[in-house]
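A look at the structure
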Amino acid sequence: MKEYPIYLGNERIYSSNKTEILSPYKNKIVGIINMADSEHIERAVELAKHAFQKTKKMPAFKRSEILMNIAKEISEDRKEIATTLALECGKNIKFAKGEVLRAIQTFTIAAEESKRIQGEFFGLDAVSQGKEKSAIVKRFPIGPILGITPFNYPLNLVAHKVAPAIAVGNPIIIKPSSLAPLTSITLAEIVAKYAPKGMLSVLPCKGSQIEKAVINPDIKMVSFTGSPVVGWKLKQMCGKKRICLELGGNAGAILDKDCDIDSALSACVIGAFANAGQVCIHTQKIFVHENIYDNFITQFVKKSEKIKNGNPLDQNVFLNPMITEEEAIRAEDWINEAVNSGAKILCGGNRKDNFLDATVITDTKREMKVEYKEVFAPIVIVKKFSKFTDAVEMINDTEYGLQAGIFSNNMKNIMYAFENIDVGGVIINNTPTFRVDQMPYGGIKNSGFGREGLRYSIEEMTERKLMVL
């Protein structure tokens, strides 16, 4: 069984505390991880602080070269990385391969963006005091970053913190999910070959342990992807330092009466059940116009009933297990609660071990957990509407605001949705689950604070400095 080290300032470290990592599929051991302690965390911060004195001076061509080398090696090792990823978090191998491809794209885009970190030059003579004076604004790296990542995208969500940090010359410490740390260590093996010494540490540890780094004044920014409860707690702890929070949601899609139903059906099946619904922008709610509701729901249920679950390494399997049996039981309890309060299951609802069948529910009420909480499971609720403005109100009736999907060919309704839905992103003729890695990504309300996406992360990780001539 392969043993995975800690990476401390680009160097392998082994500890006396080791933990077995179990696959969600049949709970088989897939790796042994070395666990970091408080001394490792302190050392990582110190190494990052010293490394910054060199990394902040790296020229753009060098930062770009490092990132391109990382992207190239991920591509060369993509089969092995995808297998590790699929085993440790139970992700369908096709989606695991897709995540590896996205990580390659993430590092490649970061390499490109590292060469065009924008500043400004402008005259100040718009007022009399600025006569014969000009201004130069330049972006500078802010210093060591702490990234905290979840289990559901253990490669690409780490890449979204590591790649922009390298792009601007900031050292970074990653605290990966305790449930899926192996892929982040695999990535660290690659990054360590090319990044300057001390620039990257990956520290598998308990969440409570990393709080020591969160409050350390030498950490200049925290980038967190995870639950709202933890995220807002970290924001309080951060004090004056920067923070970027991506906290998930319970995203909805609207199917207007003139939409392409076939296209919407295919997209909604993927949006609802990919990665067992364990996606921040999982399509949790579908609002369907009354004119097309019966047609849509009949076909949607038929497609959902055909979804096969099983071994994530099986190319013919779509629905993977949930990350733990405890999470599957929690989701099952939410379904039962909804049914006991009057909701109807049109398909699914059955659980065995970590597997929960693709589940479609109707007749839900707002107070049901499957509707108002982030379900993070292969569960979708479907509701009917008659007026488009009512559908927008329903999609807004949540504490979350990450993304929304609109299936429509009515430009007036599309623009109304864009202007009036309270989310970070409105996706037209696709589900809210759509994301490519260069776009600004993040939410409002309880869905987060700040934006990811390479150029936007670079802006978060740099400081503007003004010079007046």
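A separate point is the environment of Val-279. Relative to the assigned elements, Val-279 resides in the loop between helix H9 (261-273) and strand S14 (285-289). Val-279 sits 86 residues away from Lys-365 along the chain, and the two C-alpha atoms are 23 Å apart. Beyond its immediate chain neighbours, meaning those up to four positions away, Val-279 contacts Asn-152, Tyr-153, Ala-274, Glu-374, Phe-376 and Thr-433.

What follows deals with the packing of aromatic side chains. The final tally for this structure, using the stated rule, is five aromatic pairs. Note on Tyr-25 and Phe-355: the rings are 6.2 Å apart at their centroids and 85° apart in plane angle, and the pair reads as edge-to-face. With a gap of 330 residues between them, Tyr-25 in the loop between strand S4 (18-22) and strand S5 (29-34) and Phe-355 in strand S17 (residues 355-356) connect regions that are remote in the sequence. Given a relative accessible area of 17%, Tyr-25 falls into the buried group. Overall, Phe-355 belongs to the buried group, its relative accessible area being 15%. Geometrically, the ring pair formed by Phe-151 and Phe-376 is edge-to-face, given 6.1 Å between the ring centres and 90° between the ring planes. One end of the pair, Phe-151, is in the loop between strand S8 (145-148) and helix H5 (156-168); the other, Phe-376, is in the loop between helix H12 (369-372) and strand S19 (379-385), with 225 residues separating them in the sequence.

Turning next to a nonpolar patch on the surface. A cluster of nonpolar side chains, Met-1, Leu-22 and Ile-29, forms an exposed patch at the surface whose accessible area comes to about 290 Å². Mapped onto the fold, Ile-29 is located in strand S5.

Calculation notes
- Residues numbered from 1 in each chain as written.
- Predicted model: local features only at pLDDT ≥ 70, side-chain atom pairs only at ≥ 80, totals over all residues.
- Heavy atoms only, no water.
- Helix = DSSP H or I, 4+ residues; strand = E, 2+ residues; numbered from the N terminus.
- Contact = heavy atoms within 4.5 Å.
- Phe/Tyr/Trp six-rings, centres within 6.5 Å; stacked < 30°, edge-to-face > 60°.
- Buried < 20%, exposed > 50% of the residue type's maximum accessible area, 1.4 Å probe, protein only.
- Patch = residues over 30% accessible without salt bridge, like charges linked within 9 Å, V, L, I, M, F, W, Y side chains within 5 Å.
- Areas by Shrake-Rupley, 256 points an atom, 1.4 Å probe, with all protein chains shown as cover.
- Salt bridge = Lys/Arg side-chain N within 4 Å of Asp/Glu carboxyl O.

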